[in-house]
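A look at the structure
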Amino acid sequence: MKKIMVTGGKGMLGYGIQHVARLEPRDGYQFVFVDLEDGDLCDLAQTEALFARVQPQGVIHLAADVGGLYKNMAQGVEMFENNLLMNMNVMRCCRKFGVDKLVSCLSTCIFPELTLCPHVQMPIDESVIHMGPPHPSNEAYAYAKRMVDVQSRYYRKQYKSNFISLAPTNIFGPNDNYSPEHSHVIPALIRKCDAAMRQGTDFVVWGSGKPLRQFIFSFDLARLFVWAYFHYNDPEPLILAPDESQEVSIGRIAQYVADAFGYAKPLVFDTKYSDGQFKRTVTNRKLMSLNPSFRFTPLPEAIKTSVQWFQENMADARL
Ligand code: GDP
């Protein structure tokens, strides 16, 4: 049995891969889900001990210091350093322990901010990743994650390592992090709408609600990660995103959340809070050329599933 070790295995995307592994088991492969309690990947000795214990043939590296806009604005040092350390230690161990394949997770928020880079055209594709500065609100995280691409390519060149990286758009789904200040927008809205329903208060959305995002459901993304593990071997990162036509405003997303809860009052937008990046439209042309039959779950349905998960699992959720 070949072992595929999934770091960050108890986070949102790890939970998605657990779900996919149950539904579509792969003959001859076993997924091993590990998390912080199994070893701190910021520490090389602990990372080596973990690899020695698990002896993986492949690694899907999801562990990261991540968060939404407001965490990125408040904790740049930790997000920069922790991500660099984890990625460095994981790649070193993949080589040292003879791992056949490493899949790393980037994000489309690390691509150039187009208002600062007039030479880069919308929609963003894989080729422009280093062609200009990222949006200032998440610069620290973006530069740390951009180094994954650089480091992977050098391992590939020097040691023939099959290291790939995947760049999803905004992820949401069951088992998200629901911290009110530090989470991403959809889990934050789910938590706030739940509180507004219970307390009879307003459902307040931070910022103007006008920024646009392409959201991807974690169960869809999990299927794409498993597909990429077996089928994608290019040095270039691969963008994992729904079609450009599926880009939606934060206001529309908040309304989907309100609808899923049955919250009927008008939404309130608190413009004291920053909007962050206005938009960062990416193309999924390369993904769809390689995996043309893939179908994304419609957003309202995926949000309903996520809200239902939160309602059923609130006692155990990361709040
Ligand atoms: P981003 O896509 O990397 O900027 O990260 P987020 O998932 O944090 O989304 C940020 C966008 O959602 C910004 O336009 C915010 O103004 C908006 N937003 C609205 N309410 C919230 C909230 O409660 N939490 C977060 N994180 N963002 C919110």
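Above this text you will find the structure in question.
Residue numbers restart at each chain and count upward from 1, following the sequence in its written direction. At least 70 in pLDDT is required for a residue's local features to be given in this predicted model, at least 80 for side-chain atom pairs to be given and counted, and no such filter applies to totals for whole chains, interfaces and linings, which use all residues. Hydrogens and water are ignored here; the side-chain numbers use all heavy atoms of the structure.

**Comments concerning the sheet that holds strand S1 (residues 2-7)**
Overall, parallel pairing links the six strands, which are arranged S2-S1-S3-S4-S5-S10 in an open sheet. With partners counted over all chains shown, the strands left at the sheet margins are strand S2 (29-33) and strand S10 (238-240), one partner each. Here the strands of the sheet are splayed against their neighbours by 20 degrees on average, with no regard to which way each runs. Two strands form a pair only when DSSP identifies at least two bridges running between them. Secondary structure elements follow DSSP: runs of H or I of four or more residues count as helices, runs of E of two or more count as strands, with numbering from the N terminus. Pairing analysis gives four bridges linking S1 to strand S3 (residues 58-61), with the strands arranged parallel. When the sheet's bridge partners are listed, Met5 is paired in S3 with Val59. In this fold helix H5 (residues 139-159) packs onto strand S4 (101-105) and strand S5 (162-168), with an angle of close to 155 degrees to the strand it touches most, S5. The contact criterion used throughout is that any non-hydrogen atoms of two residues lie within 4.5 Å. All axes are obtained by fitting lines to C-alpha atoms, using only the stretch in contact for helices, and the reported angles, taken between N-to-C directions, cover 0 to 180 degrees. Each of S1, S2, S3, S4, S5 and S10 is contacted by helix H7 (residues 218-231), which is oriented at about 150 degrees to S4, the strand it contacts most.

**Quick look at the pairing of S4**
On any regular strand, side chains alternate: one points to one face of the sheet, the next to the other face. Summary of the burial criterion: residues with accessible area below 20% of their type's maximum are buried, those above 50% are exposed, and those between are partly exposed, where the area comes from a 1.4 Å probe applied to protein chains only. Counting buried residues in S4 gives five out of five residues, a clear majority hidden from the surface. Covered by surrounding structure in S4 are Lys101, Val103 and Cys105 together with Leu102 and Ser104, the residues of both alternating faces. Sheet topology note: the S3/S4 ladder contains four bridges and is parallel. The residue of S4 that forms the bridge with Ile60 is Val103. Here five bridges tie S4 to S5, and the two strands are oriented parallel to one another. Note that in S5 the partner of Lys101 across the bridge is Asn162. We call a crossover right-handed when, viewed with the strands running away from us, the connection from the first strand over the helix to the second turns clockwise. Crossover handedness for the path S4 to H5 to S5: right-handed.

**Notes on the side chain of Asp220**
The topology assignment puts Asp220 in helix H7. Separated by 2.7 Å, the side chain of Asp220 and the backbone nitrogen of Thr297 make a polar contact. Contact partners of Asp220, with chain neighbours within four places excluded, come to Phe294, Phe296 and Thr297. Polar contact is the term for a pair of N or O atoms within 3.5 Å; when the atoms are in protein, one must be able to donate a hydrogen and the other to accept it, and sequence-neighboring residues count only if both atoms are side-chain atoms.

**A word on unusual backbone geometry**
With an omega dihedral of -5 degrees, the bond running from Met122 to Pro123 counts as a cis peptide bond. Tracing the backbone shows Pro123 in the loop between S4 and H5. At Gln55, a position not held by glycine, the phi torsion is positive, near 55 degrees. When its relative accessible area of 45% is taken as the criterion, Gln55 is described as partly exposed. Positive phi, normally seen in glycine, also occurs at Lys160, with a value near 60 degrees.

**Structural notes on the pattern of salt bridges**
In what follows, salt bridge is the name for a side-chain nitrogen of Lys or Arg lying within 4 Å of a carboxyl oxygen of Asp or Glu. Under the defined criterion, the tally for this structure stands at 10 salt bridges. Between Arg198 and Asp194 there is a salt bridge, with its nearest N and O atoms 2.8 Å apart. With a gap of four residues between them, Arg198 and Asp194 both fall in helix H6 (residues 185-199), about one helical turn apart. When salt bridges with common partners are traced through the structure, they connect Asp234, Glu236 and Lys286 into a single cluster.

**A short note on the packing of aromatic side chains**
A pair of aromatic rings is counted whenever rings of Phe, Tyr or Trp (Trp by its six-membered ring) have centres within 6.5 Å, and the orientation is called stacked for planes under 30 degrees apart, edge-to-face for over 60 and tilted otherwise. Using the criterion set out here, one finds 18 aromatic pairs in the structure. With a centroid separation of 5.3 Å and 40 degrees between ring planes, the pair formed by Tyr155 and Phe163 is classed as tilted. In terms of burial, Tyr155 and Phe163 fall into one category: buried. Between the aromatic rings of Tyr178 and Trp309, the centroid separation amounts to 6.3 Å while the plane-to-plane angle is 10 degrees, which identifies the pairing as stacked. One end of the pair, Tyr178, is in the loop between strand S6 (170-172) and H6; the other, Trp309, is in helix H10 (residues 299-313), with 131 residues separating them in the sequence. Taken together, the ring pairs connect Tyr15, Phe172, Tyr178, Phe215, Phe217, Phe219, Trp309 and Phe310 into an aromatic cluster. Charge over a ring is defined by NZ of Lys or CZ of Arg lying within 6 Å of the ring centre and within 35 degrees of the ring normal. In this structure, Lys101 packs its charged tip against the face of Tyr229, placed 5.7 Å from the ring centre. The ring of Trp206 carries the charged tip of Lys192 above its face, separated from the ring centre by 3.8 Å.

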